[in-house]
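Analysis of the macromolecular model
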Amino acid sequence: DPVIYLVHGSEDLLVPIPARLRLSASQPLPELVIRCLLQDPGTNGIRSRIPPGTRLNSIRVAGGTCYVDLNEQYLSSDEHLRSAGRVIAASLCMLDEIDRVQILVNGQVPHGYDSSLFGILTPNADWFL
């Protein structure tokens, strides 16, 4: 079972949480991880920070990069975009075939946002508790 990362407390540092995912032939593991995060499995101040109502449009892995395409609801909480992106990138980069993540909204990099939020994300040691 994979480990997902969720945000702990107000410092927005990530903590590992073991996840129980039901593997199936129809859903690849990266998709299962994202769907788990979208359900926000956290409790007691530990959460994904992904805005409620965010849905996965598509996900694909190419050359070690995982492209995660979410609906526009992902942009509904500007204050948590950085920590939500880190949760997604850290959780996916723990999978063997993924080294980096790019988050898209409706198939595109959103305009008018800090490039560090929607560029290629690779987990950094200072993201973690």
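Let us look at the structure shown here. Just so you know, these numbers come straight off a predicted model, no measurement behind them.

Two modes of strand pairing occur in sheets, parallel and antiparallel, and in both the strands are linked by backbone hydrogen bonds. Within the open sheet, the three strands sit side by side as 2-1-3. Their pairing is antiparallel. Since the sheet does not close on itself, it has two edges, and those belong to strand 2 (13–18) and strand 3 (46–47), each with one partner. Sheet topology note: the strand 1 (residues 3–8)/strand 2 ladder contains six bridges and is antiparallel. Pairing of Val-7 across the sheet is with Leu-14, part of strand 2. Taken strand by strand, helix 2 (residues 81–93) contacts strand 1 and strand 2, and its axis lies near 160 degrees from that of strand 1.

Here helix 2 is 13 residues long and its end C-alpha atoms lie 18 Å apart, about the 18 Å a rise of 1.5 Å per residue gives. Among the residues making up helix 2, those that are buried are Leu-81, Ser-83, Ala-84, Gly-85, Val-87, Ile-88, Ala-89, Ala-90, Ser-91, Leu-92 and Cys-93.

The next subject is the environment of Pro-123. Here Pro-123 lies in the segment after helix 3 (115–118). The sequence separation of Pro-123 and Cys-93 amounts to 30 residues, and the corresponding C-alpha distance is 7.4 Å. Setting aside residues up to four positions removed in sequence, Pro-123 forms contacts with Ala-89, Ala-90, Cys-93 and Phe-128.

The next subject is the sheet that holds strand 6 (residues 100–105). Across the sheet, which stays open at both edges, the three strands sit in the order 4-5-6 with mixed pairing between neighbours. If you trace the sheet from one side to the other, it starts and ends with strand 4 (56–62) and strand 6, each paired once. Direction aside, the axes of adjacent strands within the sheet are offset by 15 degrees on average. In this sheet, strand 6 lies alongside strand 5 (residues 65–70) in parallel orientation, the contact comprising six bridges. Residue pairing in the sheet places Leu-70 in a bridge with Val-105 of strand 6. Across the sheet, helix 1 (residues 29–38) lies against strand 4 and strand 5, angled at about 145 degrees from strand 4, the strand it touches most. Most of the contacts of helix 2 go to strand 6, to which it runs at about 135 degrees, and overall it touches strand 4, strand 5 and strand 6.

Cut-offs used in this document
Residues numbered from 1 in each chain as written. Predicted model: local features only at pLDDT ≥ 70, side-chain atom pairs only at ≥ 80, totals over all residues. Heavy atoms only, no water. Pairing = 2+ DSSP bridges. Helix = DSSP H or I, 4+ residues; strand = E, 2+ residues; numbered from the N terminus. Contact = heavy atoms within 4.5 Å. Axes fitted to C-alpha atoms, helices over the stretch in contact; angles between N-to-C directions. Expected span 1.5 Å × (residues − 1). Buried < 20%, exposed > 50% of the residue type's maximum accessible area, 1.4 Å probe, protein only.

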